[in-house]
Amino acid sequence: MKKYDVTGIGNALVDIEFKVKDQFFADHQVEKGLMTLVDEERQNELMQVINTVETKKQCGGSAANTVIAVSQFGGKSYYSCKVANDELGKFFVADMKEAGVDNNLNPDKLEEGITGKCLVMVTEDAERTMNTFLGITQTYSTSDVNESAIKDSKYLYIEGYLVTSENGKSAMRHAKKIAEENGVKVAITFSDPAMVKYFKGAFDDVIGHSVDMLFANEEEAMLYTGKDNLKEAREELKKVAKHFVITQGKNGAMIYDGDTFIDIEPYATTAIDSNGAGDMFAGAFMYGITNGHSYASSGKLASMASSKIVSQFGPRLKWHEAKDILSKLNP
């Protein structure tokens, strides 16, 4: 028996969400719908211009959101990351503890520096735009990877955002090698179209011959494969992933279980915030496949969970909401 269902590695960020109008992006030269890396000065400048009360502050980052989802559905997860010895770093540690996720952070031994922050700007069409200052997580490296946690997990889950730095890329490769040498399955998420567009070679390097599970949205799948339609893109993805999930927003998702394609229907909802929807889909799906559910059943759970996430502000469910969703899957 493994101690953990999923061990994740990724950039530890405190997510701070704001609602903005579309005109805000034109006025302040922000590229809508993507994650853009910025320095702290630029991030503070944008926060001051927004000049509104922040409505959500939670520990986050893509993989953090996913392993928290695994925990909320009743799974056991671990997160390997890096925060600084500052107010936000201590907030992150406390929030992860409350979420029931084991991690490598010792609150008494955090390094000096600045904890990373992600400014999440949500527009009326529910689209999220992120400007991220990585802070100390930019130095996340192989020394921050917990080998014993990976070995004691069913799956290693790798966040695609780590490809932006050489040390992050090294950590991804190192963690994948540990997993493969110890019979632990490896999942990777592309995280954002911008990551695939600008760091495709880095993904090729990390993925190597293949991964056990890949998460992508439609745009990422087509960007990575160089195909202009989903039918051809999914055939190409078979060459690098034994199984994969392609999320399709309001159209649901498509799962390749290693043999056949499974269409996952969407659940009708009124979308107000798409931030964290892909992370939640991955977390619910990873919970499912590591806890005895079929690919189809796991996909249904993930679709229900992500539809709930986009109907509210913020990237995380409340504990009772996760239980309610799970009870609908197993009435």
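We now turn to the structure provided with this report. (Residues numbered from 1 in each chain as written. Predicted model: local features only at pLDDT ≥ 70, side-chain atom pairs only at ≥ 80, totals over all residues. Heavy atoms only, no water.)

Our focus in this paragraph is the nonpolar core. Within the largest apolar cluster, 60 residues are counted, with the highest numbers of intra-cluster contacts made by Phe73, Tyr79, Phe92, Phe215, Phe285 and Met286. Ranked by residues supplied to this core, first place goes to helix 10 (residues 277-289) with eight residues. In this structure, Met286 is in contact with Val6, Val70, Tyr155, Tyr157, Ala187 and Phe215, ignoring residues within four places of it in sequence. Listed in part, the 47 residues of the second largest apolar core include Leu13, Ala175, Val186 and Tyr256. (Core = buried A, V, L, I, M, F, W, Y, C linked by side-chain atoms within 4.5 Å. Buried < 20%, exposed > 50% of the residue type's maximum accessible area, 1.4 Å probe, protein only. Helix = DSSP H or I, 4+ residues; strand = E, 2+ residues; numbered from the N terminus. Contact = heavy atoms within 4.5 Å.)

It is worth spelling out the environment of Ser170 at this point. Mapped onto the elements of the fold, Ser170 is located in helix 6 (residues 166-181). Under the relative-accessibility criterion, Ser170 is labelled partly exposed at 26%. Sequence separation between Ser170 and Ile289 is 119 residues, and the spatial gap between their C-alpha atoms is 28 Å.

This next bit is on the pattern of salt bridges. In the structure shown here, the tally under the stated rule is 21 salt bridges. The shortest N-O distance in the salt bridge between Glu124 and Lys21 comes to 2.6 Å. Of this pair, Glu124 sits in the loop between strand 7 (116-122) and strand 8 (128-133) while Lys21 sits in the loop between strand 2 (13-19) and helix 1 (22-27), and the two are 103 residues apart along the sequence. With respect to burial, Glu124 and Lys21 carry one shared label: exposed. For the salt bridge of Arg173 with Asp205, the shortest nitrogen-to-oxygen distance reads 2.7 Å. (Salt bridge = Lys/Arg side-chain N within 4 Å of Asp/Glu carboxyl O.)

Bringing the sheet that holds strand 2 into the picture now. Taken in spatial order, the five strands of this open sheet run 3-8-7-2-4, and their pairing is mixed. For this open sheet the edge positions go to strand 3 (35-37) and strand 4 (56-60), each flanked by a neighbour on one side alone. Across this sheet, the average inter-strand angle for adjacent strands is 25°, counted without regard to direction. In the sheet, strand 2 pairs with strand 4 via five bridges, with the strands oriented antiparallel. (Pairing = 2+ DSSP bridges. Axes fitted to C-alpha atoms, helices over the stretch in contact; angles between N-to-C directions.)

In this section: the pairing of strand 10 (residues 185-189). Counting buried positions over the five residues of strand 10 gives four, a clear majority of the element. Sheet analysis places strand 9 (residues 153-159) next to strand 10, joined by five bridges and oriented parallel. Within strand 10, the residue paired with Ile158 across the bridge is Ile188. Handedness of the crossover joining strand 9 and strand 10 through helix 6: right-handed. As paired elements, strand 10 and strand 11 (residues 211-217) share three bridges and run parallel to each other. Directly across from Thr189, in strand 11, lies its bridge partner Phe215. Since strand 10 and strand 11 lie parallel, the crossover through helix 7 (residues 193-207) that links them has a hand, and here it is right-handed. (Right-handed = clockwise from strand over helix to strand, strands pointing away.)

Right, let's talk about unusual backbone geometry for a bit. At Ala126, a residue that is not glycine, the phi angle is positive and equals roughly 80°. On the secondary structure map, Ala126 appears in the loop between strand 7 and strand 8. Residue Ala126 is classed as buried on the basis of its relative accessible area of 3%. The phi torsion at Ser191 lies on the positive side, around 75°, for a residue other than glycine.

Taken in spatial order, the nine strands of this open sheet run 6-5-1-9-10-11-12-13-14, and their pairing is mixed. The sheet terminates laterally at strand 6 (102-103) and strand 14 (261-264), the two strands that pair on one side only. Where strand 13 (residues 253-256) and strand 14 come together, four bridges link them in antiparallel fashion. What sits directly across from Tyr256, in strand 14, is Phe261.

A few words now on the packing of aromatic side chains. A full pass over the atoms with the stated rule returns eleven aromatic pairs. The rings of Tyr157, Phe215, Phe285 and Tyr295 are connected pair by pair, giving a single aromatic cluster. In this structure, Lys200 packs its charged tip against the face of Tyr224, placed 4.6 Å from the ring centre. (Phe/Tyr/Trp six-rings, centres within 6.5 Å; stacked < 30°, edge-to-face > 60°. Lys NZ or Arg CZ within 6 Å of the ring centre and 35° of its normal.)

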